[in-house]
Amino acid sequence: MNQEQRPGYFRIVFDCRDIADAAVPGQFCMLKVADKGEILLRRPLSVHRIENGKLEFLYELIGKGTRELSRRRPGEGLDLLGPLGNGFDYSSDEYAAKKPILVAGGMGAAPLVFLAEKLRERKNKGSKSKTLVLIGAKTKSHILCEKEFKNYGCDVKIATDNGSAGSRGRVTALLEGILSEEETGQAVIYGCGPNPMLKELSRISNEIGVPAQLSLEAHMACGIGACLGCAVRTKEGYQRVCKEGPVFDARKMIF
Ligand code: FES
């Protein structure tokens, strides 16, 4: 399946059991869209959902590569490499008992749906903390995945730049307001979205003392740690988004 979910946004589903069984939230795959010209390179796509052993991705129509991808029909094989990178930590002793707050900016909602699914499984096994999701978007029509998050039992709050849905302003401002009322020692932030939003999440995390795991976006050529094209600065030196990330602890990032 490869269908437009709403104008400009497509969902593509792969019958690829090996990757589906191995993937954890926050990981991505490199997808080779075509073997010609400028769109030779593979594209990174974050895993959006795993449903009945099938692998789902959400993508936005933003250039030649994604336009070419949108023309692919069921039955056509595509070259997929993954799962790659390090995903979110939601089950270690450090994070398992904390209240998850997912902060999604734009397309950043896509991988956080997969995390919300896993957090619901954790809740079904007895975890007390309910997941809170904050979605940031330009306008009401840009809000992504609200229904999916609600289907996974999450509380969802919205912030839009123009106030057409939810509160008016940045999703990070919404988060700060919520954290000022929460017992912050019990929360953990999982963020995915544009880098300016992640930078702000990092600041909030460090100032308020709430741990945050941030999934970074980067241009990727190889996706497997070989080209160094995706390196970012951290307190531990340069690290590769595709290999050491894409999920990083906010405490070590230098934006
Ligand atoms: Fe090549 Fe990360 S994309 S090292």
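Residues numbered from 1 in each chain as written. Predicted model: local features only at pLDDT ≥ 70, side-chain atom pairs only at ≥ 80, totals over all residues. Heavy atoms only, no water.

The strand order 4-3-7 describes an open sheet built from three strands, whose pairing is antiparallel. What marks the edges here is a single partner per strand, and that holds for strand 4 (42-46) and strand 7 (79-84). Neighbour-to-neighbour, the strand axes of this sheet turn through a mean angle of 25 degrees, independent of strand direction. Where strand 3 (residues 28-32) meets strand 7, four bridges bridge the pair, whose relative direction is antiparallel. Bridging across to strand 7, methionine 30 finds its partner in leucine 81. (Pairing = 2+ DSSP bridges. Helix = DSSP H or I, 4+ residues; strand = E, 2+ residues; numbered from the N terminus. Axes fitted to C-alpha atoms, helices over the stretch in contact; angles between N-to-C directions.)

Take unusual backbone geometry next. Put simply, glycine 82 and proline 83 share a cis peptide bond, and its omega is 0 degrees. By the element assignment, proline 83 lies in strand 7. Residue proline 246 is bonded to the preceding glycine 245 through a cis peptide linkage, with omega at 10 degrees. Here proline 246 shows up in the loop between strand 15 (237-240) and strand 16 (247-249). The backbone of asparagine 52 sits at a positive phi, close to 50 degrees, despite the residue not being glycine. Here asparagine 52 shows up in the loop between strand 5 (49-51) and strand 6 (54-60). Phi at cysteine 145 is positive, roughly 70 degrees, even though this residue is not glycine. For cysteine 145, the location among the structural elements is in the loop between strand 9 (132-137) and helix 4 (146-151).

Position of glutamate 68 relative to the elements: it lies in helix 2 (residues 64-70). Overall, glutamate 68 belongs to the buried group, its relative accessible area being 14%. In this structure, the C-alpha to C-alpha distance between glutamate 68 and tyrosine 238, residues 170 residues apart in sequence, is 33 Å. (Buried < 20%, exposed > 50% of the residue type's maximum accessible area, 1.4 Å probe, protein only.)

This part is about the pairing of strand 15. Two elements, strand 14 (residues 231-234) and strand 15, share four bridges in a ladder whose sense is antiparallel. When the bridges of strand 15 are listed, valine 232 appears paired with glutamine 239. Connecting the antiparallel pair strand 14 and strand 15 is a turn made up of two residues.

By size, the foremost hydrophobic cluster in this structure holds 31 residues, and its most contacted members are Ile101, Val103, Leu134, Leu175, Ile189, Leu201 and Leu216. Of all elements in the fold, only strand 3, strand 8 (99-105), strand 9, helix 5 (171-181), strand 12 (187-192), helix 6 (195-208) and strand 13 (212-215) reach the threshold of two or more residues within this core. For this core, the leading source of residues is helix 5, giving five residues. Setting aside residues up to four positions removed in sequence, valine 103 forms contacts with Leu112, Leu134, Val171, Leu175, Ile189, Tyr190, Gly191, Cys192, Met197 and Leu201. Counting residues in each nonpolar core, the second largest holds 30 residues, with Phe88, Tyr152, Cys154 and Val156 among its members. (Core = buried A, V, L, I, M, F, W, Y, C linked by side-chain atoms within 4.5 Å. Contact = heavy atoms within 4.5 Å.)

Taken by themselves, the reported measurements are silent on function.
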